[in-house]
Amino acid sequence: MQKAIDLFYKVLEFLLIILLSGMAVMVFVNVIMRYAMNSGLTVSDELARYFFVWVTFIGAVVAFREHGHMGVETLVALFGRKGRIICMAVSNIVIIGVSAIFFWGTWKQLPINWSMSAPVTGLSMGFVYGIGFFTGAGCVIIALERLIRLLTGRVTEEELAAFAGENMSLEHLAERS
């Protein structure tokens, strides 16, 4: 099962690379065309914005899995094992609540977004902002899994140290900055 999960995140990382590359190429080509030919591709502006939205929301799930989001590590590092477990549990409960609200808000907004079309591509805005479903559900699933492992005592010392910002290699710290 873990191999399937790791493969899923590798696919997400590849998708992020494709989206970011597409965004960079579209913007670069548009800048060159505007400078050299005094015209541009209006579709590239619109798609670059949508790719940016998708990169942000998909990247949030990937970063959450890798403990890449901001935290109050200096405070958590002061606690012992029991205090870190409590902080991690409270943190995951809050994340579950906020992500569920985000998912619900996307659900409530979907009829409005679905009825609106993008000005250039004609793409339904439901496809653009529907990525909130993925982000909300993804963060809830990750936080639930962490919370279950916390409550069943299967959390490792390495995970608690990572949660507190300890035991990070220089390479890992460089990735987070």
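A brief look at the structure comes next.

## Let's talk about the side chain of Arg149
Stage number 1. Examined against the element boundaries, Arg149 turns out to sit in helix α6 (residues 131–151).
Stage number 2. The exposure class of Arg149 is buried, given its relative accessible area of 15%.
Stage number 3. Looking at Arg149, its side chain comes within polar contact range of the side chain of Glu145, at 2.9 Å.

## Description of the pattern of salt bridges
Stage number 1. Enumeration according to the criterion identifies six salt bridges in this entry.
Stage number 2. The residue Glu157 makes a salt bridge to Arg81 at a minimum N-O spacing of 2.4 Å. Of this pair, Glu157 sits in helix α7 (residues 157–163) while Arg81 sits in helix α4 (residues 81–115), and the two are 76 residues apart along the sequence.
Stage number 3. According to the relative accessible area criterion, Glu157 is partly exposed, its value standing at 46%.
Stage number 4. Using a relative accessible area of 38% as the deciding quantity, one classes Arg81 as partly exposed.
Stage number 5. Between Glu159 and Arg149 there is a salt bridge; the shortest N-O distance is 1.8 Å. With Glu159 in helix α7 and Arg149 in helix α6, this residue pair connects regions lying 10 residues apart in the sequence. With respect to class, Glu159 is no different from Arg149; both count as buried.
Stage number 6. One connected set of salt bridges, linked through shared partners, spans Glu145, Arg149 and Glu159.

## Quick word on the packing of aromatic side chains
Stage number 1. Enumeration according to the criterion identifies seven aromatic pairs in this entry.
Stage number 2. The interplanar angle of 15 degrees and the centroid separation of 5.7 Å between the aromatic rings of Phe57 and Phe102 together place this pair among those described as stacked. Taken together, the residues span a long stretch of sequence, with Phe57 in helix α2 (residues 42–65) and Phe102 in helix α4 at a distance of 45 residues.
Stage number 3. You can call Phe57 partly exposed: its relative accessible area is 26%.
Stage number 4. Taking relative accessible area as the criterion, Phe102 reaches 32% and is therefore assigned partly exposed.
Stage number 5. Judged by centre distance (4.8 Å) and plane angle (55 degrees), the ring pair of Trp114 and Phe127 falls under tilted. Placement of Trp114 in helix α4 and of Phe127 in helix α5 (residues 125–129) is noted, with a sequence separation of 13 residues between them.
Stage number 6. Here the aromatic cluster, defined as three or more aromatic residues joined through ring pairs, consists of Phe8, Tyr9 and Phe134.

Reading guide: rules and limits
- Residues numbered from 1 in each chain as written.
- Predicted model: local features only at pLDDT ≥ 70, side-chain atom pairs only at ≥ 80, totals over all residues.
- Heavy atoms only, no water.
- Helix = DSSP H or I, 4+ residues; strand = E, 2+ residues; numbered from the N terminus.
- Buried < 20%, exposed > 50% of the residue type's maximum accessible area, 1.4 Å probe, protein only.
- Polar contact = N/O pair within 3.5 Å; in protein donor to acceptor, adjacent residues only side chain to side chain.
- Salt bridge = Lys/Arg side-chain N within 4 Å of Asp/Glu carboxyl O.
- Phe/Tyr/Trp six-rings, centres within 6.5 Å; stacked < 30°, edge-to-face > 60°.

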